[in-house]
Amino acid sequence: MKAVLCKAFGPPETLVLEDVEDPIAGPGQVLVDVHASAVNFPDVLMIEGKYQNRPPFPFSPGGEIAGTVAALGEGVTGFEVGDRVFGGTGVGGFAEKVAVPAAAMRPMPDRMSFAKASGISTTYGTSYYALKQRADLKPGETLLVLGAAGGVGLAAVELGKAMGAKVIAAASSEEKLAAAKAAGADEFIDYSDGELKDKVKALTDGRGADVIYDPVGGDLFDQCMRSIAWYGRVLVIGFAAGDIPRVPINLILLKSCQVVGVFFGAWSAKAPEEAAANFREILAFYEEGKIDPLIGAEYPLASYAQALRDLSERRAIGKVVVQVRSEDER
Ligand SMILES: NC(=O)c1ccc[n+]([C@@H]2O[C@H](COP(=O)([O-])OP(=O)(O)OC[C@H]3O[C@@H](n4cnc5c(N)ncnc54)[C@H](OP(=O)(O)O)[C@@H]3O)[C@@H](O)[C@H]2O)c1
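Residues numbered from 1 in each chain as written. Predicted model: local features only at pLDDT ≥ 70, side-chain atom pairs only at ≥ 80, totals over all residues. Heavy atoms only, no water.

### Some words on the overall build of the chain
Secondary structure assignment for the chain yields 11 helices and 15 strands. For the chain, the C-alpha radius of gyration of 20 Å lies close to 20 Å, the compact-globule estimate for 330 residues. Each principal axis of the C-alpha atoms in the chain carries an extent, and together these give about 60 × 40 × 35 Å. Split into buried and exposed, the 330 residues of the chain put 54% on the buried side. The contacts in the chain between residues at least 6 apart in sequence include a share of 68% that link residues at least 24 apart. Total accessible area computed for the chain in this model is approximately 14200 Å², and 53% of it derives from carbon and sulfur atoms. For the chain, the distance from the average site of its 33 positive side-chain charges to the average site of its 43 negative ones is 6 Å. (Helix = DSSP H or I, 4+ residues; strand = E, 2+ residues; numbered from the N terminus. Rg over C-alpha atoms; globule rule 2.2 N^0.38 Å. Buried < 20%, exposed > 50% of the residue type's maximum accessible area, 1.4 Å probe, protein only. Contact = heavy atoms within 4.5 Å. Areas by Shrake-Rupley, 256 points an atom, 1.4 Å probe, with all protein chains shown as cover. Lys, Arg positive; Asp, Glu negative; His and termini not counted. Charge placed at Lys NZ, Arg CZ, Asp CG, Glu CD.)

Pasting the structure below:
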């Protein structure tokens, strides 16, 4: 099979596309013919050795996929060869086949494309866990989403609306805010001038936002701490801007707010049944038309470097997807 391989840490251009042996489904695993693999910021960090997880070389990046079951490992029940599935792989998605624990795969809704299904696990999984379990977002509350046109950000906009919140989308360009508007956001902030706090205050009658979803970090985080409402919750999702901010704990006291960590991968491993229940609710939102993953760009497998660059160079809108199999192979 063809696979994109990382043999040493470095930028996307240091990866190689090679023919390698097909993987074999071990006990409890399914072998999946990968149709589409969605790109996430952690993939960009992982190939450069900047992510908390450093897989042994060589590894294929690609943390989530959609495809069809090609073989069942020993002891696997609940799946049949040919089933359309999606789920998180951690690594290995940028390859024609991947062997993964059966528990990581879920059946795809009938009318969903492989491209859309490939982008559900990480983005909606993370954002729903953040808003539901970590923030306890309530109908009528105000949710501010930074990076609102990115992968996890756009999912947070849609899920926030589905949960009954008023959503303020914040992003660095009018084009990105237009994507957030199409996803249902109510109010908009362009922070390309570096200003966030006063704009949030102006949209909330000076109160601030009840919940802030921050996948960006960097300099904007301090303004998040100054834009949070009394009893608010600031969700620490990630640091796409590069710098890991420090928390001024006097503001936690003054606002009686919470700064809440979100680590979806670790939680879904510790609480698989709760995570499965979340995905049932996410797919119900999809069936009800309340969410619909936006695919901003699709690339063939050979253009893997461009796909990763879209994220590292801040161009991605919605999900960037690598089409591992061409249309006529599907
Ligand atoms: N906690 C978890 O469990 C979890 C799970 C998945 C992902 N994450 C984290 O969430 C963050 C976003 O991931 P994603 O896959 O949604 O990425 P993405 O689609 O690339 O979105 C990241 C957003 O960050 C903003 N940004 C600001 N400065 C940037 C820069 N220098 N380079 C790139 N983007 C920049 C961009 O929005 P603007 O241009 O509008 O600012 C962009 O839309 C990452 O830090 C990732 O590690 C965390």
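There is more to say after this.
### Some words on the environment of V260
Relative to the assigned elements, V260 resides in strand β13 (residues 258-261). Its relative accessible area of 6% is what places V260 among the buried residues. Taking the C-alpha atoms as reference points, V260 and A162, separated by 98 residues in sequence, lie 21 Å from one another.

### With respect to the packing of helix α3 (residues 121-134) against helix α10 (residues 272-287)
Packing of α3 against α10 brings their axes to within 10 Å, and their N-to-C directions diverge by 105°. As the angle between them shows, α3 and α10 are arranged roughly perpendicular. Between α3, through S121, Y124, G125, Y128, Y129, K132 and Q133, and α10, the contact on the second element is made entirely by E274, N278, F279, E281, I282 and F285. (Axes fitted to C-alpha atoms, helices over the stretch in contact; angles between N-to-C directions. Parallel < 35°, antiparallel > 145°, perpendicular 65-115°, else oblique.)

### Considerations on the side chain of S227
With respect to the helices, strands and loops of the structure, S227 is situated in the loop between α7 (220-225) and β12 (228-236). Relative accessible area serves as the criterion here: at 0%, S227 is assigned to the buried category. Polar contacts involving the side chain of S227 include one to the main-chain carbonyl oxygen of Q223, which spans 2.5 Å. (Polar contact = N/O pair within 3.5 Å; in protein donor to acceptor, adjacent residues only side chain to side chain.)

### Quick word on the site of the ligand
Not every one of the 26 residues close to the ligand is listed here, only the nearest: S172, K176, Y191, V262 and R314. One nitrogen or oxygen atom from the main chain of F41 is found 2.9 Å from an oxygen atom belonging to the ligand. The backbone of G151 places a nitrogen or oxygen atom 2.8 Å from an oxygen atom of the ligand. Relative to its unbound accessible area of 910 Å², the ligand is 91% covered by the protein chains. Both domains that meet at the shell around the ligand, namely domain 1 (2-120 + 294-329) and domain 2 (123-265), each give it at least three residues. (Near = heavy atom within 4 Å. Domains from an automatic or database assignment.)

By themselves these figures say nothing about function.
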